[in-house]
Number of protein chains: 2
Amino acid sequence: MRFLLLALFALFSATAFSADNIVGFDAEGSAAQREIEAQLDRTVDAREMDGWLKLMSARPHHVGSLASKENAEFIAELLESWGYDTEIAEYEILLPTPSVREVELLGPTPYSATLREDTLVEDPSTSVRETLLEPYNAFSTDGEVEAELVFVNYGMPADYEILERYGIDVTGKIAIAKYGRSWRGIKPKLAGEKGAIGTIIYSDPADDGYGAGDVYPKGPFKNESGVQRGSVMDMPTYPGDVLTPGRGATKGARRLDREDARTITEIPVLPMSYRDALPFLAAMGGEVVPDEWRGGLPITYHLGPGPARVRIKAEFNWDMVTAYNVIARLEGSEYPEEWVIRGNHHDGWNHGAADPLSGLVAMLAEAKGVAELAAAGHPPLRTVIYAAWDAEEPGLIGSTEWVEHHADDLKEHAVAYLNTDGSSRGFMNIGGSHVLERYLNQVTEELDDPVTDITLKERRRAYQQINGDDKAKAEATERNDLRIYPMGSGSDYTPFLQHLGIASANLGFGGEASDGSYHTLYDTYEHYMKFRDPGLVYGATLAKVTARATLRLANAPRLPFEFKGFADNVAMYVTELQELADSMRSQTEQTNKLIEDGIYAVALDPNKSFGPPKVKAPVPHFNFAPLKNALGRLQEAADSFDAIAGSNAIASEEINRLLFTSERLLTRDAGLDGREWYKHHVYAPGFYTGYGVKTIPGVREAIEQRDYEKVGPQIDIAAGVLNAMAERIEILSEKVQGESS
Amino acid sequence: MRFLLLALFALFSATAFSADNIVGFDAEGSAAQREIEAQLDRTVDAREMDGWLKLMSARPHHVGSLASKENAEFIAELLESWGYDTEIAEYEILLPTPSVREVELLGPTPYSATLREDTLVEDPSTSVRETLLEPYNAFSTDGEVEAELVFVNYGMPADYEILERYGIDVTGKIAIAKYGRSWRGIKPKLAGEKGAIGTIIYSDPADDGYGAGDVYPKGPFKNESGVQRGSVMDMPTYPGDVLTPGRGATKGARRLDREDARTITEIPVLPMSYRDALPFLAAMGGEVVPDEWRGGLPITYHLGPGPARVRIKAEFNWDMVTAYNVIARLEGSEYPEEWVIRGNHHDGWNHGAADPLSGLVAMLAEAKGVAELAAAGHPPLRTVIYAAWDAEEPGLIGSTEWVEHHADDLKEHAVAYLNTDGSSRGFMNIGGSHVLERYLNQVTEELDDPVTDITLKERRRAYQQINGDDKAKAEATERNDLRIYPMGSGSDYTPFLQHLGIASANLGFGGEASDGSYHTLYDTYEHYMKFRDPGLVYGATLAKVTARATLRLANAPRLPFEFKGFADNVAMYVTELQELADSMRSQTEQTNKLIEDGIYAVALDPNKSFGPPKVKAPVPHFNFAPLKNALGRLQEAADSFDAIAGSNAIASEEINRLLFTSERLLTRDAGLDGREWYKHHVYAPGFYTGYGVKTIPGVREAIEQRDYEKVGPQIDIAAGVLNAMAERIEILSEKVQGESS
């Protein structure tokens, strides 16, 4: 293989690590740093990680369970034993757990959903279920409702536009939606906005079950009884404890009344398996669904409403429980006031072997190695903090409460936050703040994929060259650095990045193992070791990747922030926004004309109820000039900084401070329109996608939601944060130049 | 609706029929012609058509059955009674019918396929099954084979490339293929070429069953027991009686030995329902199929080979049977030696209500109207021949034998051939020789859709504007005439068009009713009247459309052939060919580079057997200049003819003869490479698609099959036929100018 890859190495020889300094280091420093990294690599022991994984995944360990508390204590003991200054930070949070879960098909053919997952003889862990949380969606409201069923596909805004064309209104009905395409919480949120009185979410086997591949225990895909649990808290409004938005949920904290918590759903919602969903869907009538809405059950899918009539009863114990965050600190030898924070949650919905323990044990291996380096005389220059978060699953609660609690300190001291979560095997996926793009790319240039004998970066590049869309393919050939993806939400980086403006990243492996056990009883040690990452070979590699990422941040004379990659990504977003407006404008024009000319009406089957779409307001032209001017300034500043600082490690405390606080400039205290908790104006989770990112969200969502009045003001706001960043980079150039002369 | 459509009418006002002469007529002639067409419309009686449909579909009536003979006699009597000079032309043809049909899953879990369709209480016709041909594929060879099963998706060339990447060789195996994507005969042909020893074809419910919509009797889609019968004769090599290629199968005709017939399959093949297919597919192992290969059964699909082990036994009665073509002639009052031929087959696989009787009863209504016009003093100026073909289903046999038998006369006298076949409701679909494009468009400008109160053409245009791809959408707005599709094969126009070069067309309605009964027991009167065209409202409209098409050909002073549309379509094909070569060249280059650089190898999951594709020979640049020069000449000649003849009806017998024989110039006696029966060099069925057309087939298939040596010579051949056509049009311009001066 190596021989064949000569061409590649030739093409990207500029990045071959032996020739380059590490970003932020000079030549000598780079050599020393690489030396201690190699030393750390030797401490990573997959068998030890396996032991931790097996131990911590032996029982269900959701927040509030004894197992979760004991896991936290186990983690704290390990970290303490390696020399970390360790505490368990406790928060008192509201956690609903189910007391009544009933979903009943009243007719035409009565059926009661089991809402229960099978114990499998092939997987002993699945019989460990004394403290199991049976399938539910956390932060559904209590309720009992009865109505006809309507099939809403994935329950996204575009799906309701289609339903409207069929003349179907969900007002007063129960919506049944497939998992997927959006974060699950969007489904009941939107159903409620549209007037539905209850929601069922199920995993369709075409997406997540036998249609996708062999199901557990034969293969890794979703068992027919498997139910994806998960939070439906309205996290795009704010994550964390629902009673203490913006404040740490400490014992004495001021709390909202539950009725005033905006992030609990308006209508009751329960999840189910595809085995349970079959009788419900088979009992539906009305028009046959559009082709693209079909699932993998052996029936004809219908839209309803009815004749299937359904009763949902959902009641929850609204208990206050304690979340246990493990916080372990290793003081920096040179810059103790600069904090590099590294985290992974420890709570799981069930046994949680993949999610989150696969990532957690990699973090522990890393932490152990970092401690051993320190003990061997190579302490981190900056303070390193390892955090094992509790209560991520119900809504990023542990991390959010800690971040809110320590917001002022974090704004002052936090250099960056590095996150991991469930990981498996395949390709290195990195998301994050683009000021970190170059430095993170460099890390993946210096480690080999454990299976294919090529660097992580080049394997990822190969994947993109074969599987990417045309643009990704071209970029894989032409762009030296692989883009890191912009982050929406879905793990504990959210409060750091989007609430406080701390540059953040999320790292993991994936792409070669099914995620079918996600949030089910089947996310066990057995499943993980058989299908996800046998031998933890990728887990061990992940520890080495994140150790480099942590240590380079901790030890670099000048923090490895870089701005050309940032400017290049922002340029892409600005182009996308203009193209979005242009394509919406021309599509709206064309469609309106076809509607007004009566073309739609005559092209449709008169025997079906599917009618033309509604005429939409024309899309005006927007003044993108402020954004483009700001972008121009940003690009110029980034180029200039690169020319001045690109190949040296000139630094000062002031320079480093100006570097790590630069991401703060992308936030505004006022936050995003309608959701002030989210302060970042370049990255946010979509209000109607949930996990999916919206870049330059103020502008993008105003356009997408056809809220045209807001586009201009949002362009000005976005231009403002980009100008602030550009100015900062200009100042940085001056400072570096000043230091060097 | 009319009000809203003003914009459309304004845009295309040039085509509003009251303003225009009929192509080939002057103003006075146009008025008179429209007058008799209106008279004919009044003779079309949907209730009468209903009676004929009910009668002829009461029993299974495949060729060789008593019912087929009696239907032929009934049709002949009707035509005779209306004044046609009618004969029943008999041919002796080889027809295999099944004697042994066994498909058995030997293990792991034994199962014997029923290969039998359920009788339904809801549809009385389904209990009329004494003479039913049980499901089979006609012209499968006899055989008994036993082997492991391999899933080959749709059994197309690209599917075998994927299998090869999985390291799967079908040599010595039995292939199971889904119906669809290609004409069915391609599946065993290609499986045989690849070394398989048997083939099973089944209808997957995702394509044709509950996945697509409600199944019969609840809805029109394929019942779980329904099996698509059909011929697997190698029609892309030659259609018609397998023993008499190129000759009429008259009693004393010279015949091949059966062993020498090239169009019988090499390996045995049997079709089955999805209910029967389920246990076979569920028993398969090996890799999970690629995502795009999945079907709609509630299982994980695997590629095999095995462990499913299968035995197929197929034996047939290889009987000689008589095909009864009904040929009815109404002598032209002015030009009896110029023949307008109009046909529809009468044999069906079973009850055949949709296929072919829905089209046949429309033809009979037309023929009755034409006869009544003649009786009322408006006989056709040219001879009109109505043909009801037998034995279309097993391989276009009735029409092919008659055409081969009368080839010399037809080349001399046939002006054009107009075909119909099964039809339902929805949109007007027209395919054909593009010299007929303008005239056929004009017909659809002058009749309203029976449901939406807009012309057939504008409804079709509306469909294209809403549902077309970007190019089709743009053309629907910009191009006055809607393109008629180029014809491959699949009905009785093939011998006329592709063997003799007689300008042909095929007309029908569709798009709003499922074809799920196709070639099954459920293609009954009950199914048709409930789901396909209740009240025969589209059937009656079809009669009016085809009556106009027939009568305008029969009565036009100058035959309504036109060349600008032809040149425009050919120009599109020439562009496509160049784009095809260019895109294959760049894709081959890119892919080869990715393979040679080892990118594929490292991007693929090392735990799976799916490997990189094979390097392919680079695609050279071809000299398209001869084709482009010929096209240029053709376009110029067409423009010039249009300027000279566009708005008049100047004619002579010589001009008309030069017009209707122009299509002959697109043929060459030598035929296509490797299949000399096919003489046409602009339209042919694809050698590996079957029904799907290949335009400029010599060039296109040489490129597609990467047979680069042949591309140059084939370009010269195609340029030759286009130059001949251009020269003919130049001569025509001279002649018309001569007549007018």
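Residues numbered from 1 in each chain as written. Chains lettered and ligands numbered in written order. Predicted model: local features only at pLDDT ≥ 70, side-chain atom pairs only at ≥ 80, totals over all residues.

Participant: Mind showing me how you'd approach the overall build of chain A here?
Facilitator: Along the backbone of chain A there are 22 helices and 16 strands. What you see for chain A is a C-alpha radius of gyration of 26 Å, in line with the 27 Å of a compact globule of 741 residues. With the C-alpha coordinates aligned to their principal axes, the bounding extent of chain A is approximately 80 × 60 × 60 Å. For chain A, the proportion of its 741 residues judged to be buried stands at 57%. In chain A, 81% of the contacts between residues at least 6 apart in sequence involve partners at least 24 apart. (Helix = DSSP H or I, 4+ residues; strand = E, 2+ residues; numbered from the N terminus. Rg over C-alpha atoms; globule rule 2.2 N^0.38 Å. Buried ≥ 20, exposed ≤ 12 C-beta atoms within 10 Å, placed from the backbone. Contact = placed C-beta atoms within 7 Å.)

Participant: Would you explain the pairing of strand S10 (residues 335-345) of chain A in this entry?
Facilitator: Regular strands have side chains that alternate between both faces of the sheet. All names here are of chain A. For S10, the buried fraction is high: 9 of the 11 residues fall into the buried class. Bridge count for S10 against strand S11 (residues 382-389) is 8 bridges, and the pairing is parallel. When the bridges of S11 are listed, Asn344 appears paired with Ala388. Following the chain from S10 across helix H8 (residues 353-375) to the adjacent parallel S11, one finds a crossover that is right-handed. (Pairing = 2+ DSSP bridges. Right-handed = clockwise from strand over helix to strand, strands pointing away.)

Participant: Which parts of the structure should I look at to understand the relation of the copies chain A and chain B?
Facilitator: Relating one copy of the chain to the other requires a rotation about an axis plus a shift along that axis. Of the transformation superimposing chain A on chain B, the axial component is 0.0 Å and the angular component is 180°, with the fit at an RMSD of 0.0 Å. Seen this way, the second copy is the image of the first under a two-fold rotation axis. Residue by residue, 100% of the interface of chain A is reproduced at the interface of chain B, so both copies engage with the same surface. (Least-squares fit on C-alpha atoms with pLDDT ≥ 70 in both.)

Participant: Which parts of the structure should I look at to understand the nonpolar core?
Facilitator: If you look at the biggest cluster of nonpolar residues, it comprises 216 residues, and the most contacted ones within it are A:Ile174, A:Ile176, A:Val326, A:Ala416, A:Leu634 and A:Leu722. With 13 residues, the single largest contributor to this core is H8(A). Ignoring sequence-local partners within four residues, the contact set of A:Val326 consists of A:Ala72, A:Ile75, A:Ala76, A:Leu79, A:Thr86, A:Ile88, A:Ala387 and A:Ala388. Counting 215 residues, the second-largest nonpolar core is a separate cluster that includes B:Met235, B:Met272, B:Ala503 and B:Val736. (Core = buried A, V, L, I, M, F, W, Y, C linked by C-beta atoms within 7 Å.)

Participant: What is the right way to look at the interface of chain A and chain B in this model?
Facilitator: When the parts of a complex come together, some accessible area is lost, and that lost area is often used as the size of the interface. Each partner contributes residues to the interface: chain A has 37 residues there, and chain B has 37 residues. Secondary structure elements with two or more residues in the side of chain A that touches chain B: helix H1 (6-11), helix H12 (456-467), helix H17 (564-596) and helix H18 (599-603) of chain A. The element that contributes the greatest number of residues to the side of chain A that touches chain B is H12(A), accounting for 6 residues. Looking at side-chain class alone, the side of chain A that touches chain B contains 22 nonpolar, 8 polar and 7 charged residues. (Nonpolar A, V, L, I, M, F, W, Y, C, P; charged D, E, K, R; others polar.)

Participant: Is there a simple way to think about the domain arrangement of chain A in this case?
Facilitator: All names here are of chain A. What the domain assignment lists for chain A is domain 1 (6-93 + 321-555), domain 2 (95-319) and domain 3 (564-740). On a C-alpha basis, the centres of domain 1 and domain 3 stand 28 Å from each other. Across the boundary between the two partners, domain 1 contributes 27 residues, which contact 26 residues of domain 3. Of all the secondary structure elements, the ones that give two or more residues to the side of domain 1 that touches domain 3 are strand S12 (414-419), helix H11 (437-445) and helix H14 (493-500). The greatest single-element share of the side of domain 1 that touches domain 3, amounting to 3 residues, is contributed by H14. The residue makeup of the side of domain 1 that touches domain 3, split by class, is 9 nonpolar, 11 polar and 7 charged. (Domains from an automatic or database assignment.)

Participant: Help me out: how do you make sense of unusual backbone geometry in this one?
Facilitator: Among all residues save glycine, negative phi is the norm, and among peptide bonds the norm is trans. The omega torsion of the bond from A:Gly304 to A:Pro305 falls at -5°, within 30 degrees of zero and hence cis. B:Tyr216 connects to B:Pro217 through a cis peptide bond whose omega is 10°. Within the secondary structure, B:Pro217 is located in the loop between strand S6 (198-202) and strand S7 (230-231). One non-glycine residue, B:Ala391, lies in the positive phi region at around 60°. Looking at where B:Ala391 falls in the secondary structure, it is placed in the loop between strand S11 (382-389) and helix H9 (397-405). For B:Ala391, a count of 31 C-beta atoms within 10 Å puts it in the buried group.

Participant: Even after reading the chapter, I still don't get the packing of helix H2 (residues 27-41) of chain A against helix H16 (residues 537-555) of chain A, so can you show me in this structure?
Facilitator: For any two helices packed against each other, the geometry is given by the interaxial angle and the distance between the axes. Residue and element names in this part refer to chain A. Contact geometry for H2 and H16: axes closest at 10 Å, N-to-C directions at 145°. Note that H2 runs across H16; the crossing there is right-handed. Counted together, Gln33, Glu37, Leu40 and Asp41 of H2 and Lys544, Ala547, Arg548, Leu551, Arg552 and Asn555 of H16 form the full contact between these two elements. Here the residues of the contact of H2 with H16 are counted per class, giving 3 nonpolar, 2 polar and 5 charged. (Axes fitted to C-alpha atoms, helices over the stretch in contact; angles between N-to-C directions. Left-handed = near helix turned anticlockwise from the far one by under 90°.)

Participant: How should I be thinking about the pairing of S6(B) in this particular structure?
Facilitator: Residues and elements named next belong to chain B. Buried residues dominate S6, accounting for 5 of its 5 residues. In this view, the connection linking strand S5 (residues 174-178) to its parallel neighbour S6 by way of helix H6 (residues 186-193) has right-handed handedness. As defined by bridge partners, S6 adjoins strand S8 (residues 269-272) across 4 bridges and the pair is classed as parallel. Residue Ile201 lies in a different strand from S8, and its bridge partner there is Pro271.

Participant: Would you take a moment to explain H6(B) for this structure?
Facilitator: Turn by turn, an α-helix covers 3.6 residues, leaving residues three or four places apart pointing in a common direction. Residue and element names in this part refer to chain B. Counting buried residues along H6, 7 of its 8 residues qualify, which places the element largely inside the surrounding structure. Taken together, the buried positions of H6 are occupied by Ile186, Lys187, Pro188, Lys189, Leu190, Ala191 and Gly192. Where H6 is buried, its residues touch helix H5 (157-165), S5, S6 and S8. At the exit of H6 stands Gly195, carrying a positive phi of roughly 105°.

Participant: Help me out: how do you make sense of the packing of helix H21 (residues 697-704) of chain A against helix H22 (residues 711-740) of chain A in this one?
Facilitator: Residue and element names in this part refer to chain A. At a minimum axis distance of 8 Å, the contact between H21 and H22 shows a crossing angle of 165°. When the axes of H21 and H22 are compared, the pair comes out roughly antiparallel. The hand of the H21/H22 crossing is left-handed. Together, Gly698, Val699, Ala702 and Ile703 of H21 and Val711, Gln714, Ile715, Ile717 and Ala718 of H22 make up the contact between the two elements. (Parallel < 35°, antiparallel > 145°, perpendicular 65-115°, else oblique.)

Participant: Is there a simple way to think about the environment of B:Pro713 in this case?
Facilitator: Residue and element names in this part refer to chain B. Its location among the elements puts Pro713 in helix H22 (residues 708-740). Residue classification places Pro713 among the partly exposed residues on the basis of 13 C-beta atoms within 10 Å. Distance in space between the C-alpha atoms of Pro713 and Glu266 is 31 Å, their sequence separation being 447 residues.

Participant: Please clarify how the environment of B:Glu146 should be interpreted in this entry.
Facilitator: Residues and elements named next belong to chain B. With respect to the helices and strands, the residue Glu146 is situated in strand S4 (residues 143-151). Glu146 sits in the partly exposed class, given 14 other C-beta atoms within 10 Å. For the pair Glu146 and Arg311, spaced 165 residues apart in sequence, the C-alpha to C-alpha distance is 4.1 Å. Setting aside residues no more than four positions away along its own chain, Glu146 makes contact with Val310 and Arg311.

Participant: Just to check I follow, could you spell out helix H3 (residues 46-56) of chain A for this structure?
Facilitator: All names here are of chain A. Buried within H3 are the following residues: Ala46, Met49, Leu53 and Met56. All buried residues of H3 lie within an arc of 95° about the axis, which places them on one face of the element. In H3, the exposed positions that point more than 90 degrees away from the buried face belong to Arg47 and Gly51. (Arc of directions from axis to C-beta.)

Participant: How should I be thinking about the confidence of the model for chain A in this particular structure?
Facilitator: Detailed reading of the predicted model is not advised wherever pLDDT is low. All names here are of chain A. Residues with a pLDDT of 70 or more make up 97% of chain A, whose mean pLDDT is 95. This stretch, residues 1-18, has a pLDDT under 50; its non-local contacts, to residues over four places away or in other chains, come to 22 contacts. Of the two predicted TM-score estimates for the complex, the pTM is 0.94 and the ipTM is 0.93. (pLDDT = per-residue confidence, 0-100.)

Participant: Where do I start with the environment of B:Thr237 in this structure?
Facilitator: All names here are of chain B. Topologically, Thr237 is positioned in the loop between S7 and S8. It is 9.5 Å that separates the C-alpha atoms of Thr237 and Gly690, two residues lying 453 residues apart in sequence. In this view, Thr237 contacts Arg262, Thr263 and Arg675; residues no more than four positions away in its chain are not counted.

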